[in-house]
Amino acid sequence: MFNTLAVVPYLPFLKSKYSYEALLDRLIYLDYANMKGITKEEEGTHDNWVPVFKKSPYSSRYLVDGNLNILGYWHFVALKENLFKKAKKGLMLDYEISTDNVYALNRKGRYNMYFVETVTHPDITNTDAAAMLDESFYDSVYDFARSGIFFTERLTNAITPDAVKRAMGFGMKFVAKNIYRGSIYSAKMTDFLLRNASRRTDLFRLYSEEMHGRRRSHNLGL
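Remember, it's a predicted structure, so these values are computed and weren't measured experimentally.

## Thoughts on the overall build of the chain
The number of helices and strands found in the chain is 8 helices and 7 strands. Considering only C-alpha atoms, the chain reaches an extent of 55 × 40 × 30 Å along its principal axes. Scored against the burial criterion, the 222 residues of the chain give a buried share of 49%. The contacts in the chain between residues at least 6 apart in sequence include a share of 72% that link residues at least 24 apart.

What follows is the structure, given as structure tokens:
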């Protein structure tokens, strides 16, 4: 069993060991090892993902051992409105995600989240380490919220049976079949957090303040 150290963002922890190019080599390796039969159209390529990770470096987390070897990760992007609508209809393939249609998440505002995937090394699936990786998602959402960045909806394309099971377990609802392969699941972020992270009162406080503040401003004509 691996000696797992932590779940970390790329910056500043992994920069010394992995260039963005080496990072994507490792992540693509993990993807192909975990999702049998995945195609280039579903996966995307090294060339289109490296710029996306560079543009939004904090919308992913990495499960690492004591030597900073990556054992798992999750990744999401904030899609711009046109591509998000296309994805929700099941008409988008992941190779279409590029720097032109994702936000950098460096400005305050509300965004739609397309959750690309969670992948772990086969030897740690369904372990406490994998659960720690899942928990780090709420830490990330909290960090963004502290900076004034909020998410209104979480969308994902569940390709494998395990991904479908996870999406349904999170309380996400089926909305469409993907034109190539997979099923699109969606949830309002507030509903998603209420179902899966009700213990995170710190996170709920920030989202509550945001929602009530925006509603109050609207009622005042601001």
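Moving on, there is more to tell.
## Description of the environment of R199
For R199, the position within the fold is in the loop between α7 (189-196) and α8 (201-219). Residue classification places R199 among the partly exposed positions, given a relative accessible area of 47%. Separated by 87 residues in the primary sequence, R199 and N112 have C-alpha atoms spaced 23 Å apart. Beyond its immediate chain neighbours, meaning those up to four positions away, R199 contacts E135 and Y138.

## Points about the pattern of salt bridges
This model, assessed by the stated rule, comprises 11 salt bridges. E21 is the partner of K54 in a salt bridge, and the nearest nitrogen-oxygen pair spans 3.8 Å. Highlighted residues: K54 in helix α3 (residues 46-55) and E21 in helix α1 (residues 20-34), separated in sequence by 33 residues. The residue E153 makes a salt bridge to K88 at a minimum N-O spacing of 2.7 Å. Taken together, the positions of E153 in strand β5 (residues 149-158) and K88 in helix α4 (residues 81-88) put the pair 65 residues apart, joining distant regions of the chain.

## Structural notes on the nonpolar core
Membership of the largest hydrophobic core comes to 36 residues, with the highest contact counts inside it found for F76, F137, F151, F192 and Y207. Of all the secondary-structure elements, those providing two or more residues to this core are β3 (70-78), β4 (109-120), α5 (128-146), β5, β7 (183-188), α7 and α8. Of the residues forming this core, the biggest block, 8 residues, is contributed by α5. For Y207, the contacting residues outside a window of four places in its chain are V141, A145, F150, F151, M189, T190 and L193. Core analysis: the next-biggest nonpolar cluster, separate from the first, contains 33 residues, M35, F53, I70 and V119 among them.

## Considerations on the packing of aromatic side chains
This structure, assessed with the given rule, holds 18 aromatic pairs. Seen from their ring centres, Y10 and Y20 are 4.4 Å apart, and the 35° between their planes marks the pair as tilted. On the criterion of sequence distance, the pair formed by Y10 in the loop between β1 (4-8) and α1 and Y20 in helix α1 is long-range, its members being 10 residues apart. Side by side, Y10 and Y20 carry an identical accessibility label, which is buried. Geometry around F137 places R154 over its ring, the cationic atom sitting 4.8 Å from the centre.

## Concerning the side chain of N112
If you trace the backbone, N112 turns up in strand β4. In contact with N112, other than residues within four places in its own chain, are V77, A78, L79, F84, T152 and E153.

## Re the pairing of β3
Burial analysis of β3 places 9 of its 9 residues in the buried class, the great majority of the element. Relative to β3, strand β2 (residues 60-65) is paired through 5 bridges, and the arrangement is antiparallel. Across the sheet, residue S60 finds its bridge partner in β3, namely H75. With antiparallel pairing between neighbouring strands as the criterion, β2 and β3 make up a hairpin whose turn holds 4 residues, including L68 at a positive phi of roughly 65°. As defined by bridge partners, β3 adjoins β4 across 7 bridges and the pair is classed as antiparallel. By the bridge assignment, F76 is partnered in β4 with F115.

What counts, and where the lines are drawn
For every chain, the first residue of the written sequence is number 1, and numbering continues from 1 along that sequence. Totals for whole chains, interfaces and linings use all residues, but because this is a predicted model, local features are given only for residues with pLDDT of at least 70 and pairs of side-chain atoms are given and counted only at 80 or more. Hydrogens and water molecules were not included; the side-chain quantities draw on all heavy atoms of the structure. Per the convention used, a helix needs a DSSP run of H or I reaching at least four residues, while a strand needs a run of E reaching at least two, with both numbered from the N terminus. Throughout this description, buried means an accessible area under 20% of the type-specific maximum (1.4 Å probe, protein chains only), exposed means over 50%, and partly exposed covers the range between. Any two residues having at least one pair of non-hydrogen atoms within 4.5 Å are treated as being in contact. The term salt bridge refers to a side-chain nitrogen of Lys or Arg lying within 4 Å of a carboxyl oxygen of Asp or Glu. Put simply, buried Ala, Val, Leu, Ile, Met, Phe, Trp, Tyr and Cys residues joined by side-chain atoms within 4.5 Å make one nonpolar core. Each aromatic pair joins two rings of Phe, Tyr and Trp (for Trp, the six-membered one) with centres within 6.5 Å, and gets the label stacked for planes under 30 degrees apart, edge-to-face for over 60, and tilted for any other angle. Placement of a charge over a ring requires the Lys NZ or Arg CZ to be within 6 Å of the ring centre, with the centre-to-atom vector within 35 degrees of the ring normal. Strand pairing follows a simple DSSP-based rule, namely that at least 2 bridges must link the two strands.

Remember that the coordinates give geometry; whether it matters functionally is a separate question.
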